[in-house]
Amino acid sequence: MYLNSIFADPERTAKLIDIAKSSLQPMLEGAIMNTIPLTILSFIFGLILAILTALARISNVKVFRMIARVYVSAIRGTPLLVQLFIIFYGLPNIGVTLDPFISAVIGFSLSVGAYASEVIRAAILSIPKGQWEAGYSIGMSYTQTLKRIILPQASKVSLPPLSNTFISLVKDTSLASLVLVTEMFRRAQEIAASNYEFLLVYSEAALLYWVICFFLSVIQGFMEKRLDRYAS
Amino acid sequence: MILIKGLYKQFGQLEVLKGIDLNVEKGKVVVVIGPSGSGKTTMLRCLNVLETPTKGAISIEGQNLDFSKAVSKKNIAAFRRLTGMVFQSYNLFPHKTALENVMEGPIVVKKEGKEAARKKAQALLEKVGLGDKVDFYPAQLSGGQQQRVGIARALAMEPEVMLFDEPTSALDPELVGEVLKVMKDLAQEGMTMIVVTHEMRFAREAADEVIFMDQGVIVERDKPDEIFTNPKEERTRKFLNMIQ
Ligand SMILES: Nc1ncnc2c1ncn2[C@@H]1O[C@H](COP(=O)(O)OP(=O)(O)OP(=O)(O)O)[C@@H](O)[C@H]1O
Ligand SMILES: [Mg+2]
């Protein structure tokens, strides 16, 4: 019916193509100005948080382990959207008002931090104990061994699952539209609300997400090959 | 000079070292033999402070660690640099080439310049017969070659004493010789060495002394010829009969 109506009516077809074309620019703008920076920033902060959390979870200080556990459990046990709402709409009640973009970065970083910490923890634990001991035996400290011996090997192990986290994050940033970040999907909502061509505009948004994620998975493939130089 | 005094090590309820006393003079090669579980590895690991002894004291070339008191991380790190450890399973860093494996300690721990460290590493790898393999990753090397890199890596820290924990027991028989040769050369150059091994030929040819350990104590120590042909203790005799 929809397709019928398009092909039956050349005028409508032209109009739809026009809408598709004209909405491309604002959507790409949303992607470049917000979706992509939001994804990258959240992933970087999230990874740092994840490494710290993973180290806390395998540390022999009980308090660190406890804090890390509660954090991971809380983030994994609550919906991301609810977390974003608490940060953006909730915190103003205690006098903390944050810019939409910043709230979103905080929310997504916390989320990535929790999920990726499990990946990183498993990766660190998968490196044989002998690697730590070899580092110690030539006089390296915990931090030196971690940084130069363990994490490089763990990063190879965790690259595939972390790439998946990254790709999920790209898609999850669409939730930021609900805390007023004018990222790609919010642009799509605005456009669709003005012309009622929901199917067309949202499909176009979906296609753009797909293209971005496709490129990311190509890059992931390259990186895995590069890291495969040494087989262990 | 290495001095071990009253060394005890306990894992939970299990007492593995029950008062080890040992002195090894500079330049001497000591081979440690003994049945599985007798504490040979644990003793080496205590010397390298990969395990913290329950009590006792170790002194290497005048530097002391007394485990009856709390020892700081800094003291442990400084003490570790006196010993070079060669592991049964090599434990090379798989993401680094042979050269990088050897350069790692000098650069990171000794803060040597990259060029100086590279030159030294190159020379050490040549010394262990791997001058043509410097850019190979561990996975591209045979077990014997990997173990020789392991020896070069430990030597790069210029330790006072080299500790070997069954360095050839993970190797195919035809690769044992090349590793033992490197070790014999080291012994000849006057390196102080403590070697846990079941290679009796190495013990006969390179050791100044052989120590027999059983159940966490040193049962007997003597010159290789003496201990192999004429053991004084019944337990030593039994063990030697079993392995020969
Ligand atoms: N980290 C540990 N935790 C608990 N028990 C341990 C640990 N390390 C060693 N042991 C135990 O200590 C005892 C001595 O072990 P060790 O490895 O020193 O013996 P070994 O003489 O080197 O034996 P092998 O010839 O089999 O290598 C064994 O019973 C072993 O199970
Ligand atoms: Mg052992």
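Refer to the structure printed above.
Cut-offs used in this document
- Residues numbered from 1 in each chain as written.
- Chains lettered and ligands numbered in written order.
- Predicted model: local features only at pLDDT ≥ 70, side-chain atom pairs only at ≥ 80, totals over all residues.
- Heavy atoms only, no water.
- Pairing = 2+ DSSP bridges.
- Helix = DSSP H or I, 4+ residues; strand = E, 2+ residues; numbered from the N terminus.
- Buried < 20%, exposed > 50% of the residue type's maximum accessible area, 1.4 Å probe, protein only.
- Contact = heavy atoms within 4.5 Å.
- Salt bridge = Lys/Arg side-chain N within 4 Å of Asp/Glu carboxyl O.
- Buried area = accessible area lost by both parts, 1.4 Å probe.
- Polar contact = N/O pair within 3.5 Å; in protein donor to acceptor, adjacent residues only side chain to side chain.
- 1 Å grid on protein atoms, 1.4 Å probe; cavity = no way out; pocket = protein on both sides within 12 Å on 5 of 7 lines; lining within 4 Å.
- Points joined across faces, edges and corners; volume = space filled by probe spheres on them.
- Nonpolar A, V, L, I, M, F, W, Y, C, P; charged D, E, K, R; others polar.
- Near = heavy atom within 4 Å.
- Areas by Shrake-Rupley, 256 points an atom, 1.4 Å probe, with all protein chains shown as cover.
- Axes fitted to C-alpha atoms, helices over the stretch in contact; angles between N-to-C directions.
- Parallel < 35°, antiparallel > 145°, perpendicular 65-115°, else oblique.
- Left-handed = near helix turned anticlockwise from the far one by under 90°.

Colleague: I'd like to hear about the pairing of strand S4 (residues 55–60) of chain B, residue by residue, with values.
Modeller: All names here are of chain B. Here 5 bridges tie strand S1 (residues 2–11) to S4, and the two strands are oriented antiparallel to one another. What sits directly across from Ile2, in S4, is Ile60. Of the strand pairs in this sheet, S4 and strand S5 (residues 63–66) are connected by 4 bridges, and their pairing is antiparallel. Paired with Ile60 across the bridge in S5 is Gln63. In sequence, S4 turns back onto S5 through a hairpin of 2 residues, with Glu61 there showing a positive phi of about 45°.

Colleague: Please provide a residue-by-residue account of the environment of Tyr142(A), values included.
Modeller: All names here are of chain A. When you line up the elements, Tyr142 lands in helix H7 (residues 142–172). Residue Tyr142 is classed as partly exposed on the basis of its relative accessible area of 40%. Remark: the alpha-carbon pair of Tyr142 and Trp132, spanning 10 residues in sequence, is separated by 8.2 Å. Those residues in contact with Tyr142 that lie beyond four places of it in its chain are Leu55, Trp132 and Tyr136.

Colleague: Go over the pattern of salt bridges, please, and point to the residues and values.
Modeller: Residues and elements named next belong to chain B. Under the criterion given, the structure shown has 28 salt bridges over all chains. A salt bridge links Glu112 to Lys120, with the shortest nitrogen-to-oxygen separation between them at 3.0 Å. Across the pair Glu178 and Arg148 runs a salt bridge whose closest N-O atoms are separated by 2.8 Å. Of the two residues, Glu178 sits in helix H6 (residues 173–188) while Arg148 sits in helix H5 (residues 143–155), which places them 30 residues apart along the sequence. For Glu178, a relative accessible area of 26% corresponds to the partly exposed category. Its relative accessible area of 10% is what places Arg148 among the buried residues.

Colleague: Let's hear about the interface of chain B and chain A: which residues, and what values?
Modeller: Taken residue by residue, the interface counts 23 residues in chain B and 20 residues in chain A. Both sides together, the interface formed by chain B and chain A hides about 1,900 Å², and carbon and sulfur atoms give 61% of it. Three residues, Phe93(B), Pro94(B) and His95(B), lead the burial of chain B against chain A; their summed loss comes to 27% of the area buried on that side. Linking chain B with chain A are 6 residue pairs in polar contact (both at pLDDT 80 or more). Listing elements by their share of the side of chain B that touches chain A, those giving two or more residues are strand S6 (83–86) and helix H3 (98–108) of chain B. Here the side of chain B that touches chain A takes 3 residues from H3(B), the largest share from any one element.

Colleague: Can you explain empty space enclosed by the protein? Please cite residues and give values.
Modeller: Inspection of every chain in the model, using the stated rule, returns 1 cavity of 30 Å³ or more. Estimates place the volume of the largest cavity at around 50 Å³. Looking at the largest cavity, the residues that line it are Ser137(A), Ile138(A), Gly139(A), Arg80(B), Arg81(B), Thr83(B), Gly84(B), Met85(B), Ala154(B) and Met157(B). The class makeup of the residues in the lining of the largest cavity is 4 nonpolar, 4 polar and 2 charged.

Colleague: Provide a residue-level description of the site of ligand 1, including the pertinent values.
Modeller: Residue and element names in this part refer to chain B. Looking at ligand 1, the residues that line it are Phe11, Leu14, Val16, Pro35, Ser36, Gly37, Ser38, Gly39, Lys40, Thr41, Thr42 and Glu166. With respect to ligand 1, the backbone of Gly37 contributes an N or O atom lying 2.8 Å from an oxygen atom. Between ligand 1 and Thr42 there is a distance of 2.4 Å, counted from an oxygen atom to a side-chain nitrogen or oxygen. If ligand 1 stood free it would expose 630 Å²; the protein chains cover 60% of that surface. Secondary structure elements with two or more residues in the shell around ligand 1: strand S2 (14–24) and helix H1 (40–47). By residue number, the principal contributor to the shell around ligand 1 is H1, which donates 3 residues. A class-by-class count of the residues in the shell around ligand 1 yields 4 nonpolar, 6 polar and 2 charged.

Colleague: Residue-level account of the packing of helix H8 (residues 184–195) of chain A against helix H9 (residues 198–227) of chain A, with values.
Modeller: Residues and elements named next belong to chain A. Where H8 contacts H9, the two axes come as close as 8 Å, and the packing angle between them is 165°. By the criterion of interaxial angle, the relationship of H8 to H9 is roughly antiparallel. Every pair of crossing elements has a handedness; the one defined by H8 and H9 is right-handed. Within the contact between the two elements, H8 uses Met184, Phe185, Ala188, Gln189, Ile191, Ala192, Ala193 and Asn195 and H9 uses Phe198, Val201, Tyr202, Ala205, Leu208, Tyr209 and Ile212. When grouped by side-chain class, the residues that make up the contact of H8 with H9 number 13 nonpolar, 2 polar and no charged.

Colleague: Account for the sheet that holds S1(B), naming residues and giving values.
Modeller: Residue and element names in this part refer to chain B. If you trace the 4 strands from one edge of the open sheet to the other, you get S2-S1-S4-S5, paired in antiparallel fashion. Across the chains shown, the open sheet's two edge strands, defined by having one partner strand only, are S2 and S5. With direction set aside, neighbouring strand axes in the sheet form an average angle of 15°. Pairing geometry for S1 and S2, over 8 bridges, is antiparallel. Considered in S2, the bridge of Lys9 is made with Leu17. Contacts from H1 reach S1, S2 and S4 within the one sheet, and its direction differs from that of S1 by about 115°. Docked against the sheet, helix H2 (residues 73–80) engages S4 and S5, running at close to 135° with respect to S5.

Colleague: How would you summarise the layout of surface pockets if you had to cite specific residues and measurements?
Modeller: Taken as a whole, the largest pocket spans an internal volume of roughly 950 Å³. In terms of lining residues, the largest pocket is bounded by 27 residues, among which Asn60(A), Trp132(A), Tyr136(A), Tyr142(A) and Lys73(B) are the most central. If you list the elements that add at least two residues to the lining of the largest pocket, you get helix H2 (10–58), helix H5 (100–126), helix H6 (129–137) and H7 of chain A together with H2 of chain B. Of the residues contributing to the lining of the largest pocket, the split by class is 16 nonpolar, 6 polar and 5 charged. In this structure, the second largest pocket occupies an estimated 410 Å³ of space. For the lining of the second largest pocket, the secondary-structure elements that each account for two or more residues are H2, H7 and H9 of chain A. In terms of residue count, the dominant contributor to the lining of the second largest pocket is H7(A) (9 residues).

Colleague: Break down the environment of Arg221(B) for me, with residues and values.
Modeller: Residues and elements named next belong to chain B. Within the secondary structure layout, Arg221 lies in strand S10 (residues 217–222). The exposure class assigned to Arg221 is partly exposed, which follows from its relative accessible area of 30%. Leave out the neighbours within four places in its chain, and Arg221 touches Leu22, Asn23, Glu209, Val210, Ile211 and Ile227. A polar contact is formed between the side chain of Arg221 and the side chain of Asn23, at a distance of 3.2 Å.

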